[in-house]
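Analysis of the macromolecular model
Residue-level listing of the chains:
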Amino acid sequence: MAKIIAITNQKGGVGKTTTSVNLSACVAAEGRRVLVVDADPQGNTSSGLGVHPEENTPTIYEVMAGSVTLEDALCETSVPGLMLLPSDIRLAGAEIELASMQHRERILSKALSGAADQFDYIFIDCPPSLGLITLNALFASDGVIIPIQCEYYALEGVSALMGTIQKVQKMHKHLNIEGIVLTMLDARTNLGVQVAQEVRKVFKTKVYKTVIPRNVRLGEAPSHGLPIHLYDPRSLGAQSYQQLAREFLEQA
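The subject of this paragraph is the packing of aromatic side chains. Two aromatic rings, taken as a pair, are described by how far apart their centres are and by the angle between their planes. Enumeration over the complete set of coordinates arrives at four aromatic pairs. With a centroid separation of 6.4 Å and 25° between ring planes, the pair formed by Tyr121 and Phe123 is classed as stacked. For the pair Tyr121 and Phe123, a shared accessibility class is recorded, and that class is buried. Ring centres 4.4 Å apart and planes at 45° place the aromatic pair Tyr152 and Tyr153 in the tilted group. For Tyr152, a relative accessible area of 56% corresponds to the exposed category. Tyr153 sits in the exposed class, given a relative accessible area of 51%. Aromatic ring contacts, followed pair by pair, group Tyr121, Phe123 and Phe248 into a single cluster.

Structure follows, in structure tokens:
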């Protein structure tokens, strides 16, 4: 049975998609069967893995609408063992359509249930909001990974996210906080170090030891449609995500 992990933070620009792409790719590189689900209408996880859905390409939108099966929408990636359920702007309309559906918060869970035996891990890249799509991702998941950037106002909005997670846990008791990932650390600044200390003070043992640094190569990789460990395996970004993948697997 696949373990399903939602990667979420309603605040944008925290390294959520970067973590979705590179953690899933590095876990696959460790020999696991992995599916990454792009549940963000911006489709950045898809493009970051070199997949650009065309108008007639099935995406997560069609899967959630029930017009295609999950198997018909899955795409191969450049990483052996890593499959992708792609997304594009079509998903933006799903929030409105979901609102009138029965059991609307469990549509994605139902769609992914058929893939549970095909994969070891399923990662879901959530949109930067606490709407119905994120709610679907939380109800479908066993755990949550929250990326938090090592910058001023890092914890802004996290309390609202934690409140949403606690509400979901009342109906979906198996949902756990898998871990907090500190991202975009500039170790040259006191602020970055202070923020990291503050986050560890708040979340204690839930914070991964591995910290993702600010890294130029991490920013370049998506434009080439490659995860960082394939784009520049010797970069600090690649080493950090490989280390995070190993830490994740030790704890999972």
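A few words now on helix H8 (residues 158-171). Taking 1.5 Å of rise per residue, 14 residues should cover 20 Å, and H8 covers 21 Å from first to last C-alpha, within 8% of that figure. Of all the positions in H8, only Val158, Leu161, Met162, Thr164, Ile165 and Val168 are classed as buried. Projected down its long axis, H8 carries its buried residues within an arc of 160°, all on one side. Exposed and facing more than 90 degrees away from the buried side of H8 are Ser159, Lys167, Lys170 and Met171. Buried residues along H8 sit in contact with helix H7 (132-140), strand S6 (143-149), strand S7 (176-185) and helix H9 (190-203).

Let us now look at the pairing of strand S8 (residues 207-213). In terms of burial, S8 is a largely internal element, five of the seven residues being buried. Pairing analysis gives three bridges linking S7 to S8, with the strands arranged parallel. Within S8, the position partnered with Leu182 by the bridge is Val211. This β-α-β element, S7 to H9 to S8, shows right-handed connectivity.

As a further point, take unusual backbone geometry. Located in the positive-phi region is Tyr153, a residue other than glycine, with phi close to 65°. A positive phi angle is found at Lys204, which is not glycine, with a value near 50°. Tracing the backbone shows Lys204 in the loop between H9 and S8.

Of all five residues making up strand S2 (residues 34-38), five are buried, and the element is well covered by its neighbours. Burial along S2 is two-sided: the residues Val34, Val36 and Asp38 and Leu35 and Val37 are all buried. As judged from the four bridges shared by S2 and strand S4 (residues 82-85), these two strands associate in the parallel manner. Looking at S4, one finds that Val36 is bridged to Leu84. Taken together, the five bridges between S2 and strand S5 (residues 121-125) define a ladder with parallel strand orientation. Residue pairing for S5: Asp38 is matched across the bridge by Asp125.

Once their charged atoms are close, side chains differing in charge can pair, the charge on each being opposite to the other. In this structure the tally under the stated criterion is 13 salt bridges. For Arg33, the salt bridge is made with Asp120, and the minimal N-O distance between the two is 3.1 Å. A residue pair is termed long-range when its members are at least 10 positions apart, and Arg33 in the loop between helix H1 (16-29) and S2 and Asp120 in the loop between helix H6 (107-112) and S5 qualify at 87 residues. One salt bridge in this structure joins Arg90 and Asp88, with 2.8 Å as the shortest N-O distance.

Rules of the game
Residues numbered from 1 in each chain as written. Predicted model: local features only at pLDDT ≥ 70, side-chain atom pairs only at ≥ 80, totals over all residues. Heavy atoms only, no water. Phe/Tyr/Trp six-rings, centres within 6.5 Å; stacked < 30°, edge-to-face > 60°. Buried < 20%, exposed > 50% of the residue type's maximum accessible area, 1.4 Å probe, protein only. Helix = DSSP H or I, 4+ residues; strand = E, 2+ residues; numbered from the N terminus. Expected span 1.5 Å × (residues − 1). Arc of directions from axis to C-beta. Contact = heavy atoms within 4.5 Å. Pairing = 2+ DSSP bridges. Right-handed = clockwise from strand over helix to strand, strands pointing away. Salt bridge = Lys/Arg side-chain N within 4 Å of Asp/Glu carboxyl O.

The quantities given are spatial measurements derived from coordinates; they are silent on function.
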